Amino acid sequence: MNETLKKYLLKLSSVRVGFFLLALLAISSVVFSFFPTGQIDGFSKFVSLFSWMSNVQPDGSISFQERFESPAFLALIAVLSFSLAASIFFRTKAEFLRLRHSQLLRPISESPESMRFQDTMPTVLKTLRHYGYKPLVRSLEEQITIVGERGGKGTFGSILFHTALLVIIAGVTLSSVASFRSSISLTEGQEFDSGRDSFGYEQGGTFYRAPQEDLVLRLIRVEPEYAVHGATTLATIVAGNSVNQEVPIYINHGIIRAKREIHQGAQTGFSPSICITQQNGDVLFKGFVRLASIHENGNNHHRDFLTFPDHDLRIEFEFLPDAVFRNGRFISRSQDLVNPLLRISVNRGSSRSEDQWISAGSAAQAGQLTLSFTEVRRWSQLDVVDDPGKNVMLLGVILGSVGLALRLLCVRKRIIVSLRFQDRKTSIDIKGTAEKFPAEFESELALFRTTLQLLLLQDTRTNQSDSPGIDLNKSKKEELQEKALP
Amino acid sequence: MSQTLLSIVFWLSTIAYAASFALFAMAAVFHRKRFLDLAVTVTWTGFLLHTAVITARWIQTGHPPFVSYFESMSASTWFGVAAFLLIQQKKEFLRVAGIGAMPLATILMGWAGTHPFGFEILPVGLQSFWLFIHASFAAAGVGCFIVAAGVGFFRLYKAHLNGRLDQIIESTDIQRYDEFNFRLVLLGFLFYGMMVASGAIWADLAWGRYWGWDPIELWSLITWLLYAVYLHVYFTWRGLRGRFLAWYSAIAVFVAGFSLWGVRFFYETIHTYGN
């Protein structure tokens, strides 16, 4: 690898750069959180707050790009991905080198040097193994070093976790370039054919290829679904031509038809059937008006309007599904279709000419217009999605969870025991390293040292019963034994 | 159990948490071990009362206690106090960390109490077993962050007193507090990550998309990134492991709290509680 490139890649892979990028990502996310995302209707508030900005047009529309799809944010994610990739590469390489290095340290059983320390070695090995350390040996001229290691998987956990983050970023990228997201609002009885009709809203990635099979949706009915405590939602039933059967879609899980997912959207409401005829018998409008549901003052209001610019006409509708007359006005007691009532306001120019309430199956006269309200149906928004990136994302989440758990559970520790033979005596030097929890490891190392000392003293007393050795108090010895070898 | 009785038991548990904080503070100020023992006993009492409230509500409503603001805050506090009691039982030197954890628990309980206490109807959109998984991880994650903040705060206090607390707790290397602070953050980071991941899976099942940059999602990501920064600092700058990270964890917990309960006051979001 080119030295300069390697130098820069090493810098990019450092934890310091990772720290800086994470902090930058967090700060930019905080800043971007103040901008509307398009996910929700926060634009009106935004317009009133930031009307002085050049991006806000006089008519209230905003020319802002989605902040999280802006080049600056994407560049930050790209740099973070490079940093992750470089970090994974160098750390994996280092781990392989470490493993190879460990193999150079021979297993104890194959070590001829062990004969020289045959009185000490077995005890050291026994103690290391007791504490879960895998012993390996390295010999020099005058000494033998036994390295006990445990918790090596922790580093692999870290590598796995960072790889998972990269997989997640890959999944998100795939979602943004190769997914399709759309929605359509249908009234009961209405049919939608993706080969013939167009979605109300659709957004496809640059590399999205639509499945060959057309998707046909027919909304059979929208049912209020009563929860245990009386909450309502909708079960929307769709018939797709690929299966041609009625399937309920519940709010918490969609269905898959023609290789696309169909979910119940957030919007739903009522569609009164309206017929507007002129005095000469010409039909100005005939069909279902899809009323928007607006949550105001703790109630759902169903409103919409029709405009006829050629006739300088604007007709407003307000619908009450369960109407009663109270305190001098009509209100709706519930969202159930019990006593549907429709308010029609006919406006010519700037003045309101007619405003009247009519029930289903009746008609109203407004000047030269006849407005009939024949029936009411429900409508529901359906979201149609095809996202190949989500499975990649899910894989990343699983890998990340395993990696993080490994990182949490495994702590890499090393105990290095050096045996030196000098002046017919064996001296023992014990050292240790731990990548985290140093205070706890110090206690562990002290316990190891005590155990080893105790076992070596025991051996000495057993082998040389005549030699005085160190006279350990019996109770102290038992206490140490109990602590060291539970 | 009637709602009134439950409400009384809830406030009794809050009072017990407040009293335990006072006793922890008195133990630290007057260096009396008796106050410390009493503080732990009072915390246990409050915790048992709190557990009774949560269990009774769960049985009566038939859904896990994560649906309303009240339930979410109460459950997170419960996880935090449970984590504190568990670790102080195992590691006695961490008992005094209650001086940092209990005021947070008391404030959260008080804040929870300002929200409607009544049994919330579980909206159909939330009738999913993912609610239990997603919200449990959120509460467990914040619970860990609360105790980590408590440990961090106490570590700073202990360093400030320079060994004067050795009369009431065994003389412990201050590094042990840093280690526990790190362990709790790491565990909270794992739980919080699982919360984000399970939320993404649930969102995909319900809405057909796993991520939408909704303010709640965004602030959860920001919180997670903040704690990721903590972990990177821990592994990289050994010199910052003590005082700096103790301050960091004591402050970052407010961002975690904001992401769960504060975002709705400033942003419009599609994430809603039952009420």
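Undergrad: Please explain the overall build of chain B as it appears in this structure.
TA: Helix and strand counts for chain B stand at eight helices and zero strands. Helices and strands appear in chain B in the N-to-C order α-α-α-α-α-α-α-α. Its C-alpha atoms give chain B a radius of gyration of 19 Å, near enough to 19 Å, the size a compact globule of 275 residues would have. Projecting the C-alpha coordinates of chain B onto the three principal axes gives extents of approximately 55 × 50 × 30 Å. Among the 275 residues that make up chain B, the fraction classed as buried is 61%. Once local pairs closer than 6 in sequence are excluded, the contacts in chain B between residues at least 24 apart make up 79%. As displayed, chain B has an accessible area near 10400 Å², and 69% of this comes from carbon and sulfur atoms. Positive and negative charge centroids in chain B, built from 17 and 13 side chains respectively, lie 10 Å apart.

Undergrad: Teacher, can you tell me more about the confidence of the model for chain B here?
TA: Fine structural detail should not be taken from predicted coordinates in areas where pLDDT scores are low. Averaged over every residue, the pLDDT of chain B is 86; the share at 70 or more is 93%. The ipTM assigned to the predicted complex is 0.81, against a pTM of 0.80.

Undergrad: Sorry if this is basic, but what is going on with the packing of aromatic side chains here?
TA: Geometrically, a pair of aromatic rings is defined through the distance of the ring centres and the angle of the planes. Within the structure shown, the criterion is met by 39 aromatic pairs over all chains. Taking 5.1 Å as the distance between ring centres and 15 degrees as the angle between the ring planes, the aromatic pair formed by F180 of chain A and Y208 of chain A counts as stacked. Here the residue F180 of chain A occupies a position in strand β3 (residues 180-187), and Y208 of chain A occupies one in the loop between β5 (201-204) and β6 (216-226), the gap between them amounting to 28 residues. The exposure class of F180 of chain A is buried, given its relative accessible area of 8%. Judged by its relative accessible area of 14%, Y208 of chain A is buried. Of the aromatic side chains, those joined through ring pairs into one cluster are F32 and F73 of chain A together with W211 and W213 of chain B. In this arrangement the basic side chain of K7 of chain A is found over the ring face of Y8 of chain A, its NZ or CZ atom lying 5.7 Å from the centre.

Undergrad: Would you mind going over helix α6 (residues 174-207) of chain B with me for this structure?
TA: For the α-helix, the turn length of 3.6 residues means that residues three or four positions removed from each other point alike. All names here are of chain B. The end-to-end C-alpha separation of α6 is 48 Å, in line with the 50 Å expected for 34 residues at 1.5 Å each. Counting buried positions along α6 gives 24 out of 34 residues, so the element sits mostly inside the fold. Just downstream of α6, G208 is the residue with a positive phi angle, here 80 degrees.

Undergrad: Which parts of the structure should I look at to understand the interface of chain B and chain A?
TA: Contact with chain B, which involves 52 residues of that partner, is made by 58 residues of chain A. Around 4800 Å² of area is buried between chain B and chain A when both sides are counted, 67% of it from carbon and sulfur atoms. Remark: the boundary between chain B and chain A carries two salt bridges. A salt bridge links D204 of chain B to K390 of chain A, with the shortest nitrogen-to-oxygen separation between them at 2.9 Å. Seen at the junction of chain B and chain A, the total is eight residue pairs in polar contact (both at pLDDT 80 or more). Secondary-structure elements contributing two or more residues to the side of chain B that touches chain A are α6 and α7 (215-236) of chain B.

Undergrad: For this particular structure, what's the right way to read the pairing of strand β19 (residues 362-366) of chain A?
TA: Residues and elements named next belong to chain A. Relative to strand β20 (residues 369-386), β19 runs antiparallel, the two sharing five bridges. Directly across from A364, in β20, lies its bridge partner L371. Hairpin connection, β19 to β20: the antiparallel pair is bridged by two residues, and G367 has positive phi, about 65 degrees.

Undergrad: Got a minute to help me understand helix α1 (residues 3-30) of chain B in this structure?
TA: Residues and elements named next belong to chain B. For α1, spanning 28 residues, the distance from its first C-alpha to its last is 40 Å, which sits close to the expected 40 Å at 1.5 Å a residue. The set of residues buried in α1 consists of L6, V9, F10, S13, T14, A16, Y17, S20, L23, F24, A27 and A28. Immediately downstream of α1, the backbone of H31 shows phi near 55 degrees, a positive value.

Undergrad: Can you walk me through the environment of K413 of chain A in this structure?
TA: All names here are of chain A. Along the chain, K413 falls in strand β21 (residues 413-422). Since its relative accessible area comes to 11%, K413 is described here as buried. Counting along the chain gives 28 residues from K413 to F441, while the straight-line C-alpha distance between them is 8.1 Å. Discounting chain neighbours no more than four positions away, the residues touching K413 are Y133, G148, E149, R150, T433, A434, F441 and E444.

Undergrad: Can you walk me through the confidence of the model for chain A in this structure?
TA: Residue and element names in this part refer to chain A. Chain-level pLDDT for chain A is 79 on average; 77% of the residues reach the 70-or-more range. Throughout residues 227-232 the model reports pLDDT below 50, and contacts reaching past four residues in sequence, or to other chains, amount to 15 contacts. With pLDDT under 50 throughout, residues 465-476 is counted as low confidence; its partners more than four residues away or in other chains account for five contacts.

Undergrad: Would you mind showing me how to read the pairing of strand β2 (residues 143-150) of chain A here?
TA: The side chains of a regular strand alternate between the sheet's two faces. Residues and elements named next belong to chain A. By the criterion of burial, β2 is predominantly enclosed, with seven of the eight residues buried. Pairing between β2 and β21: eight bridges, direction antiparallel. Bridge assignment links R150 to a residue of β21, and that residue is K413.

Conventions used here
- Residues numbered from 1 in each chain as written.
- Chains lettered and ligands numbered in written order.
- Predicted model: local features only at pLDDT ≥ 70, side-chain atom pairs only at ≥ 80, totals over all residues.
- Heavy atoms only, no water.
- Helix = DSSP H or I, 4+ residues; strand = E, 2+ residues; numbered from the N terminus.
- Rg over C-alpha atoms; globule rule 2.2 N^0.38 Å.
- Buried < 20%, exposed > 50% of the residue type's maximum accessible area, 1.4 Å probe, protein only.
- Contact = heavy atoms within 4.5 Å.
- Areas by Shrake-Rupley, 256 points an atom, 1.4 Å probe, with all protein chains shown as cover.
- Lys, Arg positive; Asp, Glu negative; His and termini not counted.
- Charge placed at Lys NZ, Arg CZ, Asp CG, Glu CD.
- pLDDT = per-residue confidence, 0-100.
- Phe/Tyr/Trp six-rings, centres within 6.5 Å; stacked < 30°, edge-to-face > 60°.
- Lys NZ or Arg CZ within 6 Å of the ring centre and 35° of its normal.
- Expected span 1.5 Å × (residues − 1).
- Buried area = accessible area lost by both parts, 1.4 Å probe.
- Salt bridge = Lys/Arg side-chain N within 4 Å of Asp/Glu carboxyl O.
- Polar contact = N/O pair within 3.5 Å; in protein donor to acceptor, adjacent residues only side chain to side chain.
- Pairing = 2+ DSSP bridges.

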